[in-house]
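Each chain, written out:
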Amino acid sequence: MRRTYEVIVVGCGGIGSAAAYWLARRAGADVLAIEQFALGHDRGSSQDHSRIIRRSYHNPDYIALAEPVYDLWSEVEEESGTTLVVKTGGLDLEAIGTTGIKDLGHCAAAMATHGIPYEELSAAEIMYRWPQFQLPDATRGLYQADSGLVDAAKANAVHVALARLHGATIRDRLPVRALRPNGDGVDVVTDDGVFSAGHVVLAGGAWTNTLLGSLGLHWPLTVTQEQVTYFATPHLREFAPDRFPIWIWRAREEFYGFPIYSEVATKAGQDVGGAEVTAETRTFEPDAPTRDRLVRFLERHIPRFLGPELYTKTCLYTMPPDRHFVIDAAPGFPNITVTADAGHAFKFATLFGRILSQLALDGRTEYPIGPFTANRPAITDPAFPPIFRNEAVLSA
Ligand SMILES: Cc1cc2nc3c(=O)[nH]c(=O)nc-3n(C[C@H](O)[C@H](O)[C@H](O)COP(=O)(O)OP(=O)(O)OC[C@H]3O[C@@H](n4cnc5c(N)ncnc54)[C@H](O)[C@@H]3O)c2cc1C
């Protein structure tokens, strides 16, 4: 069995499978990707029917990443013949007076700076166009037509299949136990022996610190157990993807939702609505208070979105204290590139894969990842205060 590769990817979730694909396009059989569980497992962050994709970010750093990512998803769709992105349009909704990064003024300013078209809408205008909503007058919205969803589970499977097509080896059900620098490269220690590579990409999601620990490193990553609920609404036509947009409600509590897609049901969740856990202590049990908060919100604002609960699915966020991504070399280990997804990276998964392939094969990338270094205070300063705590959840 082959033991030495140019690049080894650890983790085949959303980001690792994308990295395997983009690496294999250039390095073919010199790529090995290793996943600890069965491919397509749902113990991590990436296995569901839909994830929001959008250009409407409050922060220009993300808008700059959103620009290339739509083209890259199209390239993957073209190569696979599989539709992965469904544009539904997107509504950001703000309870007027919400401050900080949830203030839609930041979103509008960032989109205007980048020349991204958007519409500013009052509550009445929103309800005229989408009578599914019942909004208080003190609501305002931004509509951006390119928003929509990425079919996450399909995207992962497509990245893996195309990585294999280009010659990569994918090994699942094989936990990596440690990473050990070996001079010019890195040894990857598994239950099936040691594999070596010139470069390792660690895309380990909620398990990242376990392998960083084998290098004597630790990053301040908080893992939370999140959940989304599918509602079997009887109002199918009103919530079809051509009639109903993805939406994000920005207020003290933040909720988001999707039109009917894949299941015959709508889907919604609360952002950072769940408890802090670890990859080992998390459960797969839905949290009733979180679901109740969501149902109360939907009863008030999108009542016909609701129907019998089809199911609630749990999932993990892995967040640095500033909730920004990390895409950088592990400090002191230039041959090991590590990602942290900050709980909002799926839309960028294929771009992250391409960036990781460039960092591994060229030592640099053409994309603007400057803000996502591992030497920023949020990662290096243990006193850096987390910004993602959901006050409403904590005080509930
Ligand atoms: C409820 C929910 C809603 C979300 N909504 C959105 C959204 O609307 N839009 C958006 O853009 N993002 C969203 N996200 C975030 C997005 O899903 C994640 O950012 C993304 O899936 C992270 O992918 P990942 O590859 O980093 O992690 P994962 O998919 O968890 O992959 C990590 C993989 O590494 C493997 N691994 C770890 N350690 C080892 C080891 N030692 N050996 C071998 N394998 C290992 C794991 O088993 C796992 O398969 C959401 C997340 C959740 C939970």
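Relevant structure appears above.
Residues numbered from 1 in each chain as written. Predicted model: local features only at pLDDT ≥ 70, side-chain atom pairs only at ≥ 80, totals over all residues. Heavy atoms only, no water.

Caption draft 1: Up close: the pattern of salt bridges. For the coordinates displayed, the defined rule picks out 25 salt bridges. One salt bridge connects Lys-267 with Asp-48, and the closest N-O pair in it is separated by 2.8 Å. On the criterion of sequence distance, the pair formed by Lys-267 in strand S16 (residues 266-270) and Asp-48 in the loop between strand S2 (31-34) and strand S3 (51-53) is long-range, its members being 219 residues apart. Assessed through its relative accessible area of 1%, Lys-267 is described here as buried. Using a relative accessible area of 5% as the deciding quantity, one classes Asp-48 as buried. Two residues, Arg-55 and Asp-146, come together in a salt bridge whose shortest N-O distance is 2.8 Å. With Arg-55 in the loop between S3 and helix H2 (60-80) and Asp-146 in the loop between strand S7 (139-144) and strand S8 (148-150), this residue pair connects regions lying 91 residues apart in the sequence. Both residues of the pair, Arg-55 and Asp-146, belong to the buried class. (Salt bridge = Lys/Arg side-chain N within 4 Å of Asp/Glu carboxyl O. Helix = DSSP H or I, 4+ residues; strand = E, 2+ residues; numbered from the N terminus. Buried < 20%, exposed > 50% of the residue type's maximum accessible area, 1.4 Å probe, protein only.)

Caption draft 2: Geometry of the packing of aromatic side chains. According to the stated counting rule, one finds 24 aromatic pairs in the structure shown. Residues Phe-133 and Phe-244 carry aromatic rings whose centres are separated by 5.4 Å and whose planes lie at 25° to one another, so their mutual orientation is stacked. Residue Phe-133 is located in the loop between helix H4 (123-129) and S7, and its partner Phe-244 is located in the loop between strand S13 (222-231) and strand S14 (246-250); the two are separated by 111 residues in the primary sequence. For the residue pair Phe-133 and Phe-244, the accessibility class agrees, reading buried in each case. Each residue in the set Phe-133, Phe-231, Phe-239, Phe-244, Trp-247, Trp-249, Phe-255, Phe-297 and Phe-305 is aromatic and connected to the rest through ring pairs, giving one cluster. (Phe/Tyr/Trp six-rings, centres within 6.5 Å; stacked < 30°, edge-to-face > 60°.)

Caption draft 3: Up close: helix H1 (residues 14-27). With 14 residues, H1 ought to run about 20 Å at 1.5 Å a step, and its terminal C-alpha atoms sit 20 Å apart, in line with that. Taken from the residues just after H1, Gly-28 is the one with a positive phi, measuring 45°. (Expected span 1.5 Å × (residues − 1).)

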